[in-house]
Amino acid sequence: MEERTNNNQVFALIKKGNKSSAVAAIGNAIIAGAKAIAFVISGNGAMFASTMHSLADAVNQGFVFVGSVLSELKPTRKFPTGFGRVINIFCMIAVIVVTIMAYETIKEGWHLLKHPVKNTGGFWISMIVLIINLVIDGAILVKAMKEILKEARVENINGLGIVSGALKNVGRAAPPTRLVFYEDIVAVTGAFLALMAVVVTSFTSFLAIDGIATILIGFLMIGVAFRVGYDNMVGLIGVAAPQEIVDRVQNAIFSDSEVTDISALRILQEGRYYHVEGIIELRPGLALSVADDIKFRVQDKLLTDPDITDVTLGIIEDDEKQDWPRESLNGLTK
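On a predicted model such as this, the values are computed, not experimentally measured, just so you know. (Residues numbered from 1 in each chain as written. Predicted model: local features only at pLDDT ≥ 70, side-chain atom pairs only at ≥ 80, totals over all residues. Heavy atoms only, no water.)

Some remarks on the sheet that holds strand 2 (residues 259-270)
Thinking step 1. Taken together, four strands build an open sheet; the order of strands is 1-2-3-4 and the sheet is mixed. Each having just a single partner strand, strand 1 (239-240) and strand 4 (308-317) make up the two edges of the open sheet.
Thinking step 2. Across 10 bridges, strand 2 lies against strand 3 (residues 273-282) in antiparallel orientation. Bridge pairing in strand 3 places Arg266 opposite Glu277.
Thinking step 3. Packing of helix 10 (residues 288-303) onto the sheet brings it into contact with strand 2, strand 3 and strand 4, and relative to strand 4 it is tilted by some 155°. (Pairing = 2+ DSSP bridges. Helix = DSSP H or I, 4+ residues; strand = E, 2+ residues; numbered from the N terminus. Contact = heavy atoms within 4.5 Å. Axes fitted to C-alpha atoms, helices over the stretch in contact; angles between N-to-C directions.)

A look at empty space enclosed by the protein
Thinking step 1. Inspection of the entire model under this criterion finds one cavity of 30 Å³ or more.
Thinking step 2. There is about 60 Å³ of room inside the largest cavity.
Thinking step 3. Around the largest cavity, the lining residues are Glu151, Ala152, Arg172, Ala173, Ala174, Ile245, Arg248, Arg272, Tyr274 and Asp307.
Thinking step 4. Considered class by class, the residues forming the lining of the largest cavity number five nonpolar, no polar and five charged. (1 Å grid on protein atoms, 1.4 Å probe; cavity = no way out; pocket = protein on both sides within 12 Å on 5 of 7 lines; lining within 4 Å. Points joined across faces, edges and corners; volume = space filled by probe spheres on them. Nonpolar A, V, L, I, M, F, W, Y, C, P; charged D, E, K, R; others polar.)

Let's talk about helix 9 (residues 243-254)
Thinking step 1. The terminal C-alpha atoms of helix 9 lie 16 Å apart, and with 12 residues this matches the ideal 16 Å at 1.5 Å per residue to within 8%.
Thinking step 2. Those residues of helix 9 not exposed but buried are Ile245, Val246, Val249, Gln250, Ala252, Ile253 and Phe254. (Expected span 1.5 Å × (residues − 1). Buried < 20%, exposed > 50% of the residue type's maximum accessible area, 1.4 Å probe, protein only.)

Concerning the environment of Ser68
Thinking step 1. Note on placement: Ser68 falls in helix 3 (residues 45-70).
Thinking step 2. For the pair formed by Ser68 and Pro325, sequence separation is 257 residues and the distance between their alpha carbons is 36 Å.
Thinking step 3. The residues touching Ser68, leaving out its near neighbours within four places in the chain, are Gly17, Asn18, Ile87 and Pro176.
Thinking step 4. Only 2.6 Å separates the side chain of Ser68 from the backbone oxygen of Phe65, close enough to count as a polar contact. (Polar contact = N/O pair within 3.5 Å; in protein donor to acceptor, adjacent residues only side chain to side chain.)

Notes on the packing of helix 5 (residues 123-151) against helix 7 (residues 175-203)
Thinking step 1. It is the contact of helix 5 with helix 7, at a shortest axis distance of 8 Å, that shows an interaxial angle of 160°. As far as their axial angle goes, helix 7 and helix 5 are roughly antiparallel. In terms of crossing hand, the pair formed by helix 5 and helix 7 is left-handed.
Thinking step 2. Its residues assigned to classes, the contact of helix 5 with helix 7 comprises 21 nonpolar, five polar and four charged. (Parallel < 35°, antiparallel > 145°, perpendicular 65-115°, else oblique. Left-handed = near helix turned anticlockwise from the far one by under 90°.)

Structural notes on the pairing of strand 4
Within a regular beta strand, the side chains point alternately toward one face of the sheet and then the other, so they alternate between its two faces.
Thinking step 1. Pairing geometry for strand 3 and strand 4, over nine bridges, is parallel. Paired with Val276 across the strands is Val311, a residue of strand 4.
Thinking step 2. Crossover strand 3 to strand 4 through helix 10 is right-handed. (Right-handed = clockwise from strand over helix to strand, strands pointing away.)

Notes on the pattern of salt bridges
It is possible for side chains of opposite charge to pair when their charged atoms get near one another.
Thinking step 1. Summed over all chains, the structure comprises 10 salt bridges.
Thinking step 2. The partner of Lys107 in a salt bridge is Glu104, with the nearest N and O atoms 3.6 Å apart. One end of the pair is Lys107 and the other is Glu104, both in helix 4 (residues 86-114) and three residues apart, which spans about a single turn.
Thinking step 3. Residues Arg227 and Asp231 are paired through a salt bridge, measuring 2.5 Å at the closest nitrogen-oxygen approach. In this pair, Arg227 and Asp231 both sit in helix 8 (residues 208-237), four residues apart, roughly one turn of the helix.
Thinking step 4. What makes Asp231 buried here is its relative accessible area of 12%.
Thinking step 5. One connected set of salt bridges, linked through shared partners, spans Arg153, Arg248, Asp305 and Asp307. (Salt bridge = Lys/Arg side-chain N within 4 Å of Asp/Glu carboxyl O.)

With respect to the confidence of the model for the chain
Thinking step 1. Confidence in the prediction of the chain, expressed as mean pLDDT, is 81, and 91% of residues score 70 or more.
Thinking step 2. Ranking the elements of the chain by mean pLDDT puts helix 1 (residues 2-15) last, at 60, and helix 10 first, at 92.
Thinking step 3. Here residues 328-334 scores under 50 on pLDDT; set against residues more than four positions off or in separate chains, the count is 22 contacts. (pLDDT = per-residue confidence, 0-100.)

Let's talk about the packing of aromatic side chains
Thinking step 1. In total, this model carries two aromatic pairs according to the counting rule given.
Thinking step 2. Relative to Phe90, the ring of Phe63 lies with its centre 4.7 Å away and its plane at 40°, an arrangement referred to as tilted. Here the residue Phe63 occupies a position in helix 3, and Phe90 occupies one in helix 4, the gap between them amounting to 27 residues.
Thinking step 3. Overall, the relative accessible area of 32% leaves Phe63 in the partly exposed class. (Phe/Tyr/Trp six-rings, centres within 6.5 Å; stacked < 30°, edge-to-face > 60°.)

Following this line, the structure appears as structure tokens:
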């Protein structure tokens, strides 16, 4: 019975893992295998670069999915704030993998520029593989964009609007979703470049396009590594919540009629969740037991927000000064 309970807990934890990274890992593993076969047959350098990129994506996104599952572990006595930042560590390791793959890709592209290789065949296999690549990676990219909107609590966006919506709200998405989003933008772009290189090297003598496309794919991978690396570096340090989250928190606090002001408020983002610390001011003359009840009532209300994992509030009596203007920026303010 205990083993069954533990298995159910593990399964429930896995279900909380980032779906975009899981789908992307499976999709890119299939694509990488197909591209590897096409590269062996055709000898096309851009196909090699695209294979390396898909392989890096599959490894990274599988690794990041594991990190997203671990980040959902509940807080313990030893780790009272939970494991939200674990996903940032896994994403940083993924950045290292992408960087190594990018180096190998650029090195191969430079070699192809100095020693161009004529396409040895397999034109239709390469074309079919790359078209399948575009379809799968395009579907994964759309999935990631929808996940961004879901995690950012953005509603009523359909059609092409999800593209601009995703670009606008990507900073509020979970680190794994951002990783999938950025990597798949590069994957789709890289597939187009590889497709172009296969066509040009098969029907013209301009063999340098193979090396150029390979190097461009490598630099795109470096761009992803820097972008994701920066996002997760600030996540590990501890980054302030976006203003929309601050507005949501302060509005929830002020919705309680007994709260007169906010003396201090700090909201930190860890993974896809937020930690709230603050001091609220209550109307004068309240008994301590009543004031405590109000504090717990406000805390419970904030914890109903699915993006907030823990709330620590202090209470003081109203000092008759307005300390917290509604339009104030986040951070610890007095």
